[in-house]
Amino acid sequence: MFTGKNIVHSDVVTKATKDALIRRGVTLEDIAKIVYEMQVPYNEGLDLAECVDSVEKVLGKRELQHAILVGIELDELCEQGKLSAPLQQIVESDEGLFGVDETIALGAVFTYGSIAVTTFGHLDKNKIGIINELDTKKGNGVHTFLDDLVASVASCAASRLAHRKRDLDEAGLTYLDVRPKYEK
């Protein structure tokens, strides 16, 4: 029986997720820039505002929120030296065979289908934009989980736009036709 006790309201989880990203130095625009780079070749008239909107929508999904909150928490606990050995050393060094960081991020990507999955693989390998900055910050915090989580959000937001493009194509429209709603 559902009693509603101990349930965290969606608005609280969404705010906590966005706050955690900001606390770790990642803005929605940072993620949107990756989405833009991935999608602009395929979407006439796509602008950054549309990409920010897509990132916002993706961050409203519980699967992504939970993955982000867990991953950031683990990165922060590692920075504080609060993980048990040998996990502390594995996360701290972002050991190549660890894979749990990618597994959590990839699990969240499945929400947005095969386009998101293949985009995630591309971003994980090529480290575009802030993903590269997070991945290469040596001595400036632990981002073992965060770089993959940002790739996850960007992949989902790009997939969302790809599906939206299909809807626009079927209606005989492009992003140029719908842009005014984002410029206000």
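Residues numbered from 1 in each chain as written. Predicted model: local features only at pLDDT ≥ 70, side-chain atom pairs only at ≥ 80, totals over all residues. Heavy atoms only, no water.

Draft legend 1. Structural detail: the overall build of the protein. When helices and strands are tallied, the protein shows eleven helices and zero strands. When the helices and strands of the protein are listed from N to C terminus, the series reads α-α-α-α-α-α-α-α-α-α-α. Taking 2.2 N^0.38 as the reference for a compact globule, 184 residues should give roughly 16 Å; the C-alpha atoms of the protein span a radius of gyration of 17 Å, in line with that estimate. Dimensions of the protein, computed from the C-alpha atoms along their principal axes, are close to 60 × 45 × 30 Å. For the protein, the computed accessible surface area is about 9,800 Å², with 54% contributed by carbon and sulfur atoms. For the protein, the distance from the average position of its 21 positive side-chain charges to the average position of its 30 negative side-chain charges is 5 Å. (Helix = DSSP H or I, 4+ residues; strand = E, 2+ residues; numbered from the N terminus. Rg over C-alpha atoms; globule rule 2.2 N^0.38 Å. Areas by Shrake-Rupley, 256 points an atom, 1.4 Å probe, with all protein chains shown as cover. Lys, Arg positive; Asp, Glu negative; His and termini not counted. Charge placed at Lys NZ, Arg CZ, Asp CG, Glu CD.)

Draft legend 2. Representation of the environment of E92. Its place among the elements puts E92 in helix α5 (residues 87–93). Spatially, the C-alpha atoms of E92 and H143 are 8.5 Å apart, while their sequence positions differ by 51 residues. Setting aside anything within four residues of it in sequence, one finds E92 in contact with C78 and V142. (Contact = heavy atoms within 4.5 Å.)

Draft legend 3. Structural detail: the pattern of salt bridges. Per the stated rule, a full pass over the model turns up eleven salt bridges. Measuring nitrogen to oxygen at the nearest pair gives 3.8 Å for the salt bridge that ties R24 to E76. Residue R24 is found in the loop between α1 (10–23) and α2 (28–39), and its partner E76 is found in helix α4 (residues 62–79); the two are separated by 52 residues along the sequence. Just as R24 is buried, E76 falls in that class too. Residue K57 pairs with D53 through a salt bridge whose shortest N-O separation is 3.0 Å. Residue K57 and its partner D53 are located together in helix α3 (residues 48–58), separated by four residues, close to a single helical turn. (Salt bridge = Lys/Arg side-chain N within 4 Å of Asp/Glu carboxyl O. Buried < 20%, exposed > 50% of the residue type's maximum accessible area, 1.4 Å probe, protein only.)

Draft legend 4. The arrangement of the state of the cysteines in detail. Inspection of every chain in the model, using the stated rule, returns zero disulfides. Looking at the unpaired C51, the closest cysteine sulfur is the one in C156, lying at 14 Å. (Disulfide = S-S within 2.5 Å.)

Draft legend 5. Just the environment of E73, in detail. Summarising the element assignment, E73 is placed in helix α4. Judged by its relative accessible area of 42%, E73 is partly exposed.

Draft legend 6. Fine view of the nonpolar core. By size, the foremost hydrophobic cluster in this structure holds 48 residues, and its most contacted members are I34, V55 and V150. Among the elements that take part in this core, helix α9 (residues 146–170) stands out by supplying eleven residues, more than any other. Excluding its chain neighbours within four sequence positions, the residues that come into contact with V150 are V26, I31, I34, I130, I131 and L134. (Core = buried A, V, L, I, M, F, W, Y, C linked by side-chain atoms within 4.5 Å.)

Draft legend 7. Representation of the packing of aromatic side chains in the model. This structure, assessed with the given rule, holds one aromatic pair. With 6.0 Å between their ring centres and 90° between their planes, F98 and F145 make a pair best called edge-to-face. You can see F98 sitting in the loop between α5 and α6 (100–109) and its partner F145 sitting in the loop between α8 (130–135) and α9, a full 47 residues away along the chain. Each member of the pair, F98 as well as F145, is classed as buried. (Phe/Tyr/Trp six-rings, centres within 6.5 Å; stacked < 30°, edge-to-face > 60°.)

Read these as layout, nothing more, since geometry by itself doesn't imply function.
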